[in-house]
Amino acid sequence: MTAGPQSTAPRTGVPPLIITEDNHFWFEAAKAGRLEIQRCAACAALRHPPGPACPQCRCLDWDTIQASGRCTLHSYTTIYHPKDSAFDYPLAVGLVDLEEGTRLVADIIDVPPTELAIGMPLEITFGEHAHGAILPQLRRPQGDSR
Ligand SMILES: [Zn+2]
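In this text the structure is predicted, and so the values were computed from the model without any measurement.

On to the coordination of the zinc ion. Protein coordination of the zinc ion is provided by C40 (SG), C43 (SG), C54 (SG) and C57 (SG), with donor distances spanning 2.3 to 2.4 Å. Read in sequence order, the donor residues for the zinc ion give the motif C-x2-C-x10-C-x2-C. Judged by relative accessible area, C54 falls into the buried class, the value being 0%. On the basis of relative accessibility, which here comes to 36%, the residue C57 falls in the partly exposed class.

In structure tokens, the structure reads:
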């Protein structure tokens, strides 16, 4: 049997997510369908990926805000080869500017690679990934006229 885009074959050989004390909150929020951004408790700077200290003021205290999910495509690539059993191909991966100001890398779903364009509006949704992890994905905005 050949693993194709619609394959339901088990995704084996995929390295597990690296969950740490610093990023645990982010993965837990994603499981619940929320995209959270870490915010410095001292200077309110937002940062991603999560880390222990603010890169602006070195403060170790932080909280989070919930991202709106609205974003624009900053850059992208389409991967055809080599294939990893964790993904479907061709695999479009986007780097987006969240409207809150941080960036995120995620798989792009429901947009053919030939229709991708820098600056196009996208939004965050969530989907199941290898090992049952729920992670952000990018898609065209749904339900509004932007
Ligand atoms: Zn700070």
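Attention shifts here to the nonpolar core. Core analysis: the largest hydrophobic core is formed by 22 residues, its most contacted members being V96, L98, L122 and L138. Among the elements of the structure, α1 (24–31), β4 (70–79), β5 (91–98), β6 (103–108), β7 (121–128) and β8 (134–139) are those that each provide at least two residues to this core.

So, on to the pattern of salt bridges. Going through the model one piece at a time under the given rule, you end up with seven salt bridges. Here E28 makes a salt bridge to K31, at a shortest N to O gap of 3.1 Å. With E28 and K31 both in helix α1, this residue pair falls three residues apart, about one helical turn. K31 sits in the exposed class, given a relative accessible area of 55%.

Another aspect to go through is unusual backbone geometry. Excluding glycine, residues mostly have negative phi values, and the peptide bonds linking residues are mostly trans. In the segment running from H48 into P49, the intervening peptide bond is cis, with an omega of 5 degrees. Take P49: it is sitting in the loop between β2 (46–47) and β3 (62–66). A cis geometry characterises the amide bond from Y89 onward to P90, with omega recorded as 0 degrees. When you line up the elements, P90 lands in the loop between β4 and β5.

This part is about the sheet that holds β3. What links the strands of a sheet is backbone hydrogen bonding, and the strands pair in either a parallel or an antiparallel sense. Strand order across the open sheet formed by three strands is β2-β1-β3, with antiparallel pairing between neighbours. The sheet is open, and its two borders are formed by β2 and β3, each paired with just one other strand. Looking at chain direction, strand β1 (residues 36–40) and β2 are connected through two bridges and run antiparallel. Residue pairing in the sheet places Q38 in a bridge with R47 of β2. Packing of α1 onto the sheet brings it into contact with β1 and β3, and relative to β1 it is tilted by some 145 degrees.

What follows is about the environment of D22. Here D22 is to be found in the segment before α1. For D22, a relative accessible area of 27% translates into the label partly exposed. For the pair D22 and A53, spaced 31 residues apart in sequence, the C-alpha separation works out to 9.5 Å. Discounting residues that sit within four places of it in the chain, D22 has contacts with P50, G51 and P52.

Note that β4 and β7 share three bridges and pair antiparallel. From the neighbouring strand, R70 faces β7, where its bridge partner is E123. The loop that links β7 with its antiparallel partner β8 comprises five residues; one of these, H131, has a positive phi angle of about 65 degrees.

Turning our attention to the packing of aromatic side chains. Within the structure shown, the criterion is met by two aromatic pairs. Judged by centre distance (4.8 Å) and plane angle (45 degrees), the ring pair of F25 and W62 falls under tilted. You can see F25 sitting in helix α1 and its partner W62 sitting in strand β3, a full 37 residues away along the chain. On the basis of relative accessible area, F25 is assigned to the buried category, the value being 14%. A centroid spacing of 5.1 Å and a plane angle of 85 degrees characterise the contact between W26 and F27, whose relative ring orientation is edge-to-face. This pair shows no difference in class: W26 is buried, exactly as F27 is.

Reading guide: rules and limits
Residues numbered from 1 in each chain as written. Predicted model: local features only at pLDDT ≥ 70, side-chain atom pairs only at ≥ 80, totals over all residues. Heavy atoms only, no water. Donors = N, O, S within 2.8 Å, 3.2 Å for Na, K, Ca; no water. Buried < 20%, exposed > 50% of the residue type's maximum accessible area, 1.4 Å probe, protein only. Core = buried A, V, L, I, M, F, W, Y, C linked by side-chain atoms within 4.5 Å. Helix = DSSP H or I, 4+ residues; strand = E, 2+ residues; numbered from the N terminus. Salt bridge = Lys/Arg side-chain N within 4 Å of Asp/Glu carboxyl O. Pairing = 2+ DSSP bridges. Contact = heavy atoms within 4.5 Å. Axes fitted to C-alpha atoms, helices over the stretch in contact; angles between N-to-C directions. Phe/Tyr/Trp six-rings, centres within 6.5 Å; stacked < 30°, edge-to-face > 60°.

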